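Secondary and tertiary structure notes
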Amino acid sequence: MTKRFELLRATPAAAVLAAGLGAGGAATAQETVQASIVSGFSPSVAVVKIMQEVFMPRTNEILAENGNNYQVEWQEAFSGTLAKPGGELEAVETGLADVGAIVTAIHSDKLPLYSIGYVTPFTTTDLVLIHEVMDDLTEEYPAFRESWEPFNQVPLSVSGIGDNYILCSREPIESTDDIDGLKVTGIGPNLRWVQPMGAAGVNGSLGDFYQLVETGVADAMLVWGEAVVSLKYYEVCSNYYDARLGGANAYVISVNQQAWDSYPEEVQQAMTTAAQEFGVAIGEFSHEMGAKAREIVKENGGQVTEITDEEREAWAETLPDIAGEWAGRLEEQGIPAEAILDDYMQAMRDAGAPAVRDWDE
């Protein structure tokens, strides 16, 4: 007989739908749990593609490996059908969706701890390393998980950004001198990277970078190689300046608190493990796609230029102490940001990351 779980809210999450047959045709009480999953992006973007190919199927594979007692029936809400890019946090908070890929960089005011990668540029382009270090920190410091409580959700895993940040521009950037006077659009926290170089920052998001450059509101965008390909940014900014700014954690798979509480522990564990695998997979995929971006830019008549080591070091030194400022603000709120920053940078050094600047010193 199928056990039913009491729903804590009026959503389709955790509704038990069916029973199945086990190996050899013996009847087993396999409970099917519904879960809606949201992202404002389409499956052409890495975060959704890897959710579909890794996170969602791996959850069920793990459940099958653990006795086939449960199965999650996913209800996809991608491509802006339920929330636009940046609207996922509210959708999961209010219960419009059960699970979401939250772009934490857009919500640096609400989830400031997750901005650590944006206050430590020029540290590493190893996206899997970023994911692993961040997941370790979120396990060690309760402040990460606690920061989601006001938004009624439980974080599962932190993934790296789509790829190493670069500048994609309408006109070629031959050296850092050419950044002076440009209007550069970025996701917000990273605009401080270019302002000391004489650029004017234009707030934007992945969903409107294309239009901002196409209409001339911006001359360039701070973005990464995978997005240049997936979102066809090369059509409006055909020049690729690899400043080797590094990667930063940007996505967190999170679950509505009431939906999470209604899931059996076995489902919770499967989702958590699958989310960790998602973080590794998106890092590997995005690195591969980022490498292809250079060739695609060239094939479309654009130019690829790489910053010199000397210019990269000089650029890093022009930046104010953005990491110290970030840590100081959070310390005033009782959050151990200085210890988190120390641990983050030490983990990067231990892994041999080519950090140009020790942001914890």
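Residues numbered from 1 in each chain as written. Predicted model: local features only at pLDDT ≥ 70, side-chain atom pairs only at ≥ 80, totals over all residues. Heavy atoms only, no water.

Let's shift gears to the packing of helix H3 (residues 127–140) against helix H12 (residues 337–350). It is at 10 Å that the axes of H3 and H12 come closest, and there the two elements cross at 145°. Where H3 crosses over H12, the handedness of that crossing is right-handed. Two secondary-structure elements touch here, H3 through Leu129, Ile130, Val133, Met134, Leu137 and Glu140 and H12 through Ile340, Asp343, Tyr344, Ala347 and Met348. When grouped by side-chain class, the residues that make up the contact of H3 with H12 number nine nonpolar, no polar and two charged. (Axes fitted to C-alpha atoms, helices over the stretch in contact; angles between N-to-C directions. Helix = DSSP H or I, 4+ residues; strand = E, 2+ residues; numbered from the N terminus. Left-handed = near helix turned anticlockwise from the far one by under 90°. Contact = heavy atoms within 4.5 Å. Nonpolar A, V, L, I, M, F, W, Y, C, P; charged D, E, K, R; others polar.)

Attention now moves to unusual backbone geometry. The phi torsion of most residues other than glycine is negative, and most of the peptide bonds are trans. Positive phi, close to 60°, is recorded for asparagine 152, a residue that is not glycine. As for its position among the elements, asparagine 152 is in the loop between helix H4 (142–146) and strand S6 (153–160). One non-glycine residue, lysine 232, adopts positive backbone phi at about 55°. In this fold, lysine 232 is placed in the loop between helix H7 (225–230) and strand S11 (239–242). Judged by its relative accessible area of 43%, lysine 232 falls in the partly exposed class. (Buried < 20%, exposed > 50% of the residue type's maximum accessible area, 1.4 Å probe, protein only.)

Attention now moves to the pattern of salt bridges. What the rule picks out here adds up to 13 salt bridges. Close ionic contact of glutamate 288 with lysine 292 constitutes a salt bridge, the shortest N to O distance being 3.8 Å. In this pair, glutamate 288 and lysine 292 are both assigned in helix H9 (residues 265–299), four residues apart and thus about one turn of the helix distant. For the salt bridge of lysine 298 with glutamate 295, the shortest nitrogen-to-oxygen distance reads 4.0 Å. Of this pair, lysine 298 and glutamate 295 both sit in helix H9, separated by three residues, roughly a single helical turn. You can call glutamate 295 partly exposed: its relative accessible area is 43%. (Salt bridge = Lys/Arg side-chain N within 4 Å of Asp/Glu carboxyl O.)

Here we take up the side chain of serine 230. Looking at the secondary structure, you find serine 230 in helix H7. Within polar-contact distance, the side chain of serine 230 engages the backbone oxygen of serine 44 at 3.2 Å. Of note is the side chain of serine 230, whose polar atom sits 2.6 Å from the side chain of glutamate 226. (Polar contact = N/O pair within 3.5 Å; in protein donor to acceptor, adjacent residues only side chain to side chain.)

Let us look at the environment of valine 154. Structurally, valine 154 is set in strand S6. Judged by its relative accessible area of 5%, valine 154 falls in the buried class. Once the C-alpha coordinates of valine 154 and valine 99 are considered, the two residues, 55 residues apart in sequence, prove to be 9.4 Å apart. When neighbours within four sequence positions are excluded, valine 154 is seen to be in contact with Arg145, Ile253, Ser254, Val255, Gln257 and Trp260.

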